[in-house]
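Structural features, examined
Below, each chain spelled out in residue letters.
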Amino acid sequence: MDAIVFDHVSKVYPNAAARAVDDVSLQVPQGRTVVILGTSGSGKTTLLKMVNRLYEPSSGRIFVEGTDIHALPAVQLRRQIGYVIQQIGLFPHWTVADNVATVLRILKWPAARIGQRVDELLELVGLPPAEYCGRYPSQLSGGQQQRVGIARALAADPAIMLMDEPFGAVDAITRGRLQGEFLALQRRAHKTVLFVTHDVEEALRLADRLIIMDQGKVLQYDTSFNVITRPANDFVCELIGADDMMRLLGLVTVRNVLEPLEPAAVQHRDEVLSIDDSMRDVLAKLLRSEHDTLPVADATGQLVGQCNLQTVRERLRRPASLKNSSD
Ligand SMILES: Nc1ncnc2c1ncn2[C@@H]1O[C@H](COP(=O)(O)OP(=O)(O)OP(=O)(O)O)[C@@H](O)[C@H]1O
Ligand SMILES: [Mg+2]
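Residues numbered from 1 in each chain as written. Chains lettered and ligands numbered in written order. Predicted model: local features only at pLDDT ≥ 70, side-chain atom pairs only at ≥ 80, totals over all residues.

1. As for the sheet that holds strand β7 (residues 160-164)
Basically, it comes down to this: For two strands to pair, DSSP has to find at least two bridges joining them. Counting from the N terminus, the helices are the DSSP runs of H or I reaching at least four residues and the strands are the DSSP runs of E reaching at least two. As a rule, the C-alpha atoms of each element are fitted with a line to give its axis, helices using only the stretch in contact, and angles between N-to-C directions run from 0 to 180 degrees. Working definition of a contact: two residues with C-beta atoms, positioned from the backbone, lying within 7 Å.
Ordered in space as β6-β7-β8-β3-β9-β10, the six strands form an open sheet in which the pairing is mixed. Strands with a single pairing partner mark the edges of an open sheet, and in this sheet they are β6 (81-85) and β10 (217-222). On average, adjacent strands in this sheet sit at an angle of 15° to one another, irrespective of strand direction. Pairing of β6 with β7 involves five bridges; the strand directions are parallel. Pairing of I85 across the sheet is with D164, part of β7. The sheet contacts of helix α6 (residues 142-154) involve β6 and β7, and relative to β6 the element is tilted by about 165°.

As structure tokens, this is what we get:
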């Protein structure tokens, strides 16, 4: 079952000339990270906020875990959905522990269980509880505040997370680190994540699938790899900077082109690719290897698939209709 379904969803704000979201229909599969990428004003935040009913669509329907969200009270809906925004919105006069516990208190968890869960969450986001529990938001760096925001959103273990430029307000190094932590977390937790950003590199790095938006419309909904190699039109091409393909391939992993493992590839155990290798590294390794097909292993060393040079080459070939075509 799809976790979130948009069915001809539009949003027109009062007195607005154009639709902020214009007839969006798409499905977000369970357990995947879907990133909404687009320029400022393209409707990303509006689309996101309709999922937890902070905004109501003007027309169309939205389903969460199979239920039309209008059949659910907004409060109940929001408890199933974690929400992280750029200006985290931590309560300034509450400690870190109290901030993280907000939803758990509303859900009336017993105090002991809340304490345990808060510790567990702070560990998870890299803030040792002994050190950070009693601090106030003003005593944290921007990146640490962002981590508390994520811990708070994860508190009641929601199946769905909505994240609106969660790393937008921190410096590039912290941002890279938070992205890495997000990926590690997501590899264990398998939440359904709808993640808004206007940062192309962040989008490519985090997305299982990308939604490219412009003027309220979805221009393309596809894997990062396909958006890089087969942008839907010249706007998408320009937005992601597709002419610099090698740089972009450094941002997506071999997951994108993984094929089922065949016995022949298992023979080449001396040249194993890692599931977290970037496509750029994978291409380099394949070109250097005597073999056309190399096995791919996960973090534990177990072989999980293979990667073939011809297949990658084929998929890198752009359709001739685009102006940056390489054929
Ligand atoms: N509360 C509102 N009332 C009226 N118009 C709004 C409101 N919120 C957004 N808009 C308009 O809707 C359009 C889409 O806005 P939205 O915030 O969804 O864009 P965005 O893609 O998130 O942009 P950004 O990257 O700048 O955050 C814009 O033209 C914006 O001016
Ligand atoms: Mg926005």
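Having seen the structure, we can now continue with the description.
2. Overview of helix α3 (residues 96-106)
Rule in force here: Using C-beta atoms placed from the backbone, we call a residue buried if 20 or more other C-beta atoms fall within 10 Å of its own, exposed if 12 or fewer do, and partly exposed for counts in between.
Of the positions making up α3, those classed as buried are V96, A97, N99, V100, A101 and L104. Where α3 is buried, its residues meet α4 (111-124), α5 (129-132) and α6. Directly after α3, the chain includes K108, whose backbone phi takes a positive value near 60°.

3. Describing the nonpolar core
So the rule is basically this: By our criterion, buried Ala, Val, Leu, Ile, Met, Phe, Trp, Tyr and Cys residues that link up through C-beta atoms within 7 Å make up a nonpolar core. The split into domains, and so the bounds of each, comes from an automatic or database assignment of domains.
Ranked by internal contacts, the top residues of the largest apolar core, which has 86 residues, are V35, V100, L194 and I211. Three or more residues apiece are contributed to this core by two domains, here domain 1 (2-246) and domain 2 (253-316).

4. Re the domain arrangement of the protein chain
Rules: Any residue outside Ala, Val, Leu, Ile, Met, Phe, Trp, Tyr, Cys, Pro, Asp, Glu, Lys and Arg is labelled polar, Gly included; the first ten of those are nonpolar and the last four are charged.
By domain assignment, the protein chain separates into domain 1 (2-246) and domain 2 (253-316). Relative to domain 2, the C-alpha centre of domain 1 lies at a distance of 31 Å. Across the contact, five residues belong to domain 1 and six residues belong to domain 2. Ranked by residues supplied to the side of domain 1 that touches domain 2, first place goes to helix α9 (residues 224-229) with three residues. Here the residues of the side of domain 1 that touches domain 2 sort into two nonpolar, three polar and no charged.

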